[in-house]
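Examining the three-dimensional arrangement
Listed here are the chains, written in short residue letters.
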Amino acid sequence: MDAQRQVAAFVDRYDIDAPPAYRLLDLTSELGELAKDANTSTGYGDDPDALALSEDELGDALFALLALAESVGVDADDALDSALAKYEVRLDETGDAGSGE
């Protein structure tokens, strides 16, 4: 994924490498920021149509996810392709993309 290579190059250029556990914590923190946006913009779910997510926070979450993938040696494109194939099979078999768990 070009974006994953961009993130890896950025991490190298600015010497901000971190262990995978820290990358996972960073991702979780960024997802929490998105959840905060969702909570506040929808009145804690009272108005789901009012959902507003910050592009900045989405970008932070994407950066954190791609940095995590890079730190554990997972190609994000391959992981996405596998996920899409899995969801396609589920949709074909059950009509639902969820795992049913």
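As a convention, each chain's residues are numbered from 1 in the sequence order in which they are written. Confidence filtering applies because this is a predicted model: local features only for residues at pLDDT of at least 70, side-chain atom pairs given and counted only at 80 or more, and all residues used for totals across whole chains, interfaces and linings. The side-chain quantities take in all heavy atoms of the structure and omit both hydrogens and water.

1. Quick look at the overall build of the protein
- Strands are runs of DSSP state E lasting at least 2 residues, helices are runs of H or I lasting at least 4, and numbering of each runs from the N terminus. In terms of helices and strands, the protein carries four helices and zero strands.
- Walking the protein from its N terminus toward its C terminus, one meets helices and strands in the order α-α-α-α.
- Taken along its principal axes, the extent of the C-alpha atoms in the protein is 45 × 35 × 20 Å.
- Burial status follows relative accessibility: with a 1.4 Å probe on protein chains alone, a residue under 20% of its type maximum counts as buried, one over 50% as exposed, and anything between as partly exposed. Counting over 101 residues, the protein shows a buried share of 19%.
- For the protein, the proportion of contacts with a sequence separation of at least 24, taken over those separated by at least 6, is 60%.
- Surface accessibility follows the Shrake-Rupley procedure with a 1.4 Å probe radius. Residue values consider only the protein chains on display as shielding. If you sum the accessible surface of the protein, you get close to 7100 Å²; carbon and sulfur atoms cover 54% of it.
- Asp and Glu count as negative and Lys and Arg as positive, but His and the ends of the chain are not part of the count. Every charge is mapped onto a representative atom, which is NZ of Lys, CZ of Arg, CG of Asp or CD of Glu. Looking at the protein, you have 6 positive and 25 negative side-chain charges, and the mean spots of the two groups are 5 Å apart. For this analysis, residues touch if any pair of their heavy atoms sits within 4.5 Å.

2. Concerning the nonpolar core
- Ranked by size, the top nonpolar core spans five residues in total: Val-7, Val-11, Leu-66, Ala-67 and Ala-76.
- The set of elements that each furnish at least two residues to this core consists of helix H1 (2–13) and helix H3 (55–71). We call a set of buried Ala, Val, Leu, Ile, Met, Phe, Trp, Tyr and Cys residues a nonpolar core when their side-chain atoms join them within 4.5 Å.

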